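# Topology and contacts: notes
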Amino acid sequence: MIDNRRISVKITGESGQGINSIGEVVAKALKECGYYTFGYREYPSLIKGGHAFHQVDFSDRPLNSSSNQVDLMVSFSRVSFHQYLPTLRENGQAIHMLPMLELTEEEKALTTSKNNSVFHLPADEMSVQIGGKAIMANSIMVAALWKILNLPLEPLEKIIKKEFAHKPEAIKSNLACLAAGYDANIENIRPLNVHFTAHPKRQNDALLTGNNLVSIGAVSAGVRAYFAYPMTPSSSILSYLADEYHETNMLVKQLDDEISVAQTALGAMFMGTRALVATSGGGFDLMTESVSLAGITETPFVCVLAQRPGPATGLPTWTAATDLNLAIYAGHGEYPRCVISVSDSNSAYTLIQHAFNIAEKYQIPTILLTDKQIAESLYQMGDLPPAVSIKRSLISNKPDQNPTSSDRYKITDSGISPRWIPGQFEETYVGNSDEHTPDGTVTEDAQISREMNQKRLRKLKTLEEELPEPRILGPQKAKTTIVTWGSPLNALTDALNIWNDNNPKKQVNLLLYEFMYPTKTGELRNLIKNKKKLILVENNEFAQLGALLTQNTGYIFTEKLLKSNGRPFFIEEIYDFLQNNIK
Amino acid sequence: MASCNCPSHTKEDAKFGDYFSENLYNWCTNCGNYGIHAAVKRALTAQNIKPCQTLLCFDIGCHGNGSDKIGGYRFHGLHGRVLSFACGASTANSKLKVIAFGGDGGTLGEGINHLIMAIRGNYNFTFVFHNNLNYGLTTGQASATTKPGVKMNASPDGITTEPIHPMRFVLSLHPTFAARTFSGDVHHMNETFQAAINHKGFSFIEVLQSCPTYNLMTPHEWYQNRVKKVEEMKGYKNDNLELAQKVGEDLESQIAIGVLYQNKNSIPFMNRQANRTEVKTELVNEVQPGPAQELFDHFR
C-alpha cells in the first residue's frame, strides 16, 4: 500500500440527516487544527432516505481529491453503514450509534481480514441524558471521531461555537455533548498517529465549493444579472448568488424554464449589461436554439454548463465530463463559439472572468464547463488568485467615435465588428436572426450571405490565435504525459505528487486543456514530435477530448483511462493505472 | 421618460421621419401590419422618444419582417421567444423604452410560457400582440386563435381544437395593463400604444389584425362593423378587473376596444426586487468588479 500522506474520514447516513453539515464541521475543525482538507459528497437524488456521505481527506500538503478508502467512518444509519463498511482501509475503524447492529458473516470476515474495528456509541441516549436534544448526538459522534483521530478538542469546540453563534442557547449543550463524546471511554479504540505536521497558517484558509468560486468569479467579472432554472449540480450558484444579492445588488432571478433563462440573459446582454446563466445538460439542451441565436446576432452569451451523467435525467447528483461534444456542437448552423473548462478551484474563479471578456470581445456564445465534482466539492484555499480585469471591447463613447449603422456587422479581416449598445449612439441597428447585411437588414443575397457567414467564422481563427496553449503541469522533462481536462486534474495532481516522489526515474507530467474550443494543438504536436508517451484521462466513455484532438492532429490515443460510472477519479485508481502501464 | 447616452444628441423633439427606413415593406397589400407600424411610429414620436432611446423587439412571423423597416434599436429573434428576450432587455436599462411585437402563433403556441412569465413578473415593457388568427408567414396554418371548423392549410377538414381567448387568458393572470385595438384604426392604435408606453410595468395590447391573404373569415370590414370603444360604453371604468373580464369576453358581436384594464398602482419588475429598490443606477452602467474578496472572506 502506498503512503498517500493523508487521512480519510467518511461521515455516512441518510439524506436528510445533515450529513453534509457534519462533514463541513469536520473539515472546518481539521483546518482549524492546521491541515489541508478536501471534502467530497456522494448523495442520492432524494430529500429523505437512501445513503449519503461526506468524506474529508486531510494532509499537510494541498489536496483536492479523495481516496477510495477511508481510515475512519462515522455512521448515522444502517443502510449507509452496510453500504460503506467495505471502504474501510486496512486497520480502519468505524463508529456508529445504531442499537442492535449486526454484521453479516461476509462483513465479519472482511473486517477481520483487514483488521477493522467497529464501535457502538449510544449517542442519542447520551444526548438526551445530558439534557440536549436527539439531534445533538451528532456532536457526540464527531467528538468520538476526534478522540480516535487523537486530536485536541479545542479546535472542534471553537468551530461548534461559531456554527451555533446564531443559536446561543444551543452552544452549552452541544459543548457538553462534545465533552461526553470525547470522554466516552470506548473500549479498544486505536487512536491514530497523524504522521504529518500541522501548520497554524491553515486556520485562515477558506473552505468553499466550486460553485461558490464560479459565483465569486462572476462578481469579479462585473456580472449584474443572473438567471437560472434549478438543476443539479448548477443550482447552488443560484442559491448562493441569491443569498448574497444584498451585498452585490445583483439581479438574481429564478425563471420559468431554461429557454426563458437563455433568452432573458440574451436580452440583458444585448441591452449591454453582463448577465450569466448556469444549467446542466438537460437545461442546456433547451438553450441550444438561443446559443445559435447568439451566434448569428453576434450577441455575447455566457453559460455555465455543470455536467452530470446523462442521457436524459441520468444520474442527477453524480459527476461526469460527458458534455464537451454538446458544448462544442450544440445549436443549428455554423457559427463561432468558445468552450472553456474549469478543472480546479483556482480556475473556477478565473475562467468565468475570461469567459465574459471573450464573449464580449468576439460577440459569441461562450460555454464554461464544470461538473458536479467541481461544483459541489469543498475546496480549501489560502486566497483568491488575482482577478482578471474586465475588458468589454465596446467602442468608446466619444463624439468622434460616432459609428454608422453599417459598422455594427461590418465585414472585417478579424471577423470582429465594432459593437455599441442600445442608447450609446444615435446610429441604430438590427440584431437580426435572419441573415443580414452589415446594418442588420435582412438579406437573401447569395454573395452577402456567404461573406457574412465567413466573417463570423473568421472570429474562430482570430480567437484561436489569442488563446493560450494548454499547460504542461509537473516535471517538464517527464517522458510520459497525461492529457486531460476538467476535474480529473485534481486526482491526477494528487496521485502524481505521490507517484513522482516514489518513481524519480519514471516521472509523469500533465497536459491540461482549459480552453477546449477553438482547439490549440501546438503543445500537443511538440509532445508527439518528441515521442512522449501520451495517456488520455477523461471522465467519459467516448474520450471526447481525445476525439477532438485526433480530429485536429490526426494523432490517435492508444492509452486511455476512462471512467463513466458517475464517480470522480480517486487517487488509487490513477496510481494503479500508472503502475500497470509505465514500465 | 426615455433617455440615452448619445454623445452628440440633438435637442430637437422626435419626429415621425426619425423612424423612416429606406428598406421597402414586403407585406401583402392591405396587411394590417402597415397600420400598426404607422401607429407605433406616431405613438413614439408623440411621446418624444427618439430611435436611439428605444429597443423594438420582434418575434418571427410576418410582423417580424418589418424589423428592418422602422427606426430604433431593434432585435429580431426566434419564434416564440420575443417576450423573454424583452423581459431581459427591460431589466438591464429602464431608460430605454422597450416594445415587443409577436403574433398569435409565437405568443400563444410556441412561447405561451413566456407570456405568462412577462405578466406575472410585470416586466417593464409594452407588448403588441398581432392577432390575425393564423400563421401567415408559413402560408396560412391554424393558430391557437383560429376559430373551430375553419379550413386552413394542414387542416383541410377544419380546425377541431378549442381556440384560446387571448384577453380571457391574459386577464386571468391579473396583468397590470390590458388593452385591445384594431389594425384598421390607426388613430385608436396610436392612442392605445401611447397609454401602454406610459404604463409602469407590463402592458399587453391585443391588436385585432386583418390578414387579407389567409384570414378570409374575419376580414377588415368584419372587425370594423363590430368594434366598440370602451369610452363609448356607459359608465365603463378601466380600473376594475372583473368588469374588464366581462366586457372583454365578446369576440363575435360587440368587440370592446381600448384600455380594458389598468392598475394605476402597478409596481414594475425591477422595483419589486428587494435588493434594487434603493439603487439608482441601471444594470448596464454597473459592469465593474464587485466585492469578490469580501465574499471570499466569509468562507474563512
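The rules behind these values
Residues numbered from 1 in each chain as written. Chains lettered and ligands numbered in written order. Predicted model: local features only at pLDDT ≥ 70, side-chain atom pairs only at ≥ 80, totals over all residues. Helix = DSSP H or I, 4+ residues; strand = E, 2+ residues; numbered from the N terminus. Rg over C-alpha atoms; globule rule 2.2 N^0.38 Å. Contact = placed C-beta atoms within 7 Å. Buried ≥ 20, exposed ≤ 12 C-beta atoms within 10 Å, placed from the backbone. Pairing = 2+ DSSP bridges. Axes fitted to C-alpha atoms, helices over the stretch in contact; angles between N-to-C directions. Right-handed = clockwise from strand over helix to strand, strands pointing away. Nonpolar A, V, L, I, M, F, W, Y, C, P; charged D, E, K, R; others polar. Core = buried A, V, L, I, M, F, W, Y, C linked by C-beta atoms within 7 Å.

Regarding its fold elements, chain A presents 20 helices and 21 strands. Relative to a compact globule of 583 residues, whose C-alpha radius of gyration would be 25 Å, chain A shows 26 Å and is just as compact. When the backbone C-alpha atoms are referred to their principal axes, chain A occupies close to 85 × 60 × 40 Å. For chain A, long-range pairs separated by at least 24 residues make up 76% of all intrachain contacts whose partners lie at least 6 apart in sequence.

Attention now goes to the overall build of chain B. What chain B contains, in helices and strands, is 9 helices and 8 strands. What you see for chain B is a C-alpha radius of gyration of 20 Å, in line with the 19 Å of a compact globule of 300 residues. Viewed in the frame of its principal axes, chain B has a C-alpha envelope of about 70 × 45 × 45 Å. Among the 300 residues that make up chain B, the fraction classed as buried is 54%.

Residue and element names in this part refer to chain A. In spatial order, the strands read E9-E8-E10-E11-E13-E12-E19; together these 7 strands make up an open sheet with mixed pairing. What marks the edges here is a single partner per strand, and that holds for strand E9 (251-254) and strand E19 (515-517). Neighbour to neighbour, the strand axes of the sheet diverge by 20° on average, direction disregarded. Across 4 bridges, the pairing between strand E12 (residues 338-341) and strand E13 (residues 365-371) is parallel. Residue Ile-340 lies in a different strand from E13, and its bridge partner there is Leu-368.

Here the amide bond leading from Gly310(A) into Pro311(A) is cis, since omega sits at -5°, within 30 degrees of zero. A cis amide bond links Tyr517(A) to the next residue, Pro518(A), at an omega of 0°. For Pro518(A), the position within the fold is in the loop between E19 and helix H18 (522-529). For Ser393(A), which is not a glycine, the phi torsion comes out positive at approximately 60°. Among the structural elements, Ser393(A) can be located in the loop between strand E14 (378-381) and strand E15 (430-432). Its 15 C-beta neighbours within 10 Å are what place Ser393(A) among the partly exposed residues. One non-glycine residue with positive phi stands out, namely Asn30(B), at about 75°.

Looking now at the pairing of strand E6 (residues 203-208) of chain B. Residues and elements named next belong to chain B. Of all 6 residues that make up E6, 6 are buried, and the element is covered over most of its length. Judged by which residues are buried, E6 turns out to be covered on both faces: Ser-203, Ile-205 and Val-207 on one side and Phe-204, Glu-206 and Leu-208 on the other are all buried. With 5 bridges connecting them, strand E5 (residues 177-182) and E6 associate as parallel partners. If you follow Phe-182 over to E6, its bridge partner there is Leu-208. At this point the chain moves from E5, through helix H6 (residues 186-197), to the parallel E6, and the crossover so formed is right-handed.

Moving on to the interface of chain B and chain A. Across the contact, 54 residues belong to chain B and 62 residues belong to chain A. At the level of elements, strand E2 (73-76), helix H2 (82-92), helix H4 (112-121) and helix H9 (292-297) of chain B are the ones that each hand at least two residues to the side of chain B that touches chain A. Per element, the largest residue contribution to the side of chain B that touches chain A is 8 residues, and it comes from H2(B). Among the residues making up the side of chain B that touches chain A, the classes are represented as 26 nonpolar, 21 polar and 7 charged.

Below, the discussion takes up the nonpolar core. Ranked by internal contacts, the top residues of the largest apolar core, which has 245 residues, are Ile140(A), Met141(A), Leu145(A), Leu368(A) and Cys57(B). Contact partners of Ile140(A), with chain neighbours within four places excluded, come to Leu121(A), Ala123(A), Met126(A), Ser127(A), Cys177(A), Ala180(A) and Gly181(A).

Before going further, it helps to spend a moment on the sheet that holds strand E16 (residues 471-473) of chain A. Sheet strands pair via backbone hydrogen bonds, and the direction of the pair is either parallel or antiparallel. Residues and elements named next belong to chain A. Strand order in this open sheet of 5 strands is E16-E18-E17-E20-E21, and the pairing throughout is mixed. In this open sheet, the two edge strands, each paired with only one partner strand, are E16 and strand E21 (559-562). Here the average twist between neighbouring strands, direction ignored, is 25°. Bridging between strand E20 (residues 533-538) and E21 involves 4 bridges; their strand directions are parallel. Bridge pairing in E21 places Ile-535 opposite Glu-559. The strands touched by H18 within the sheet are E16, strand E17 (480-485), strand E18 (508-513) and E20, with E18 carrying the most contacts at an inclination of about 150°.

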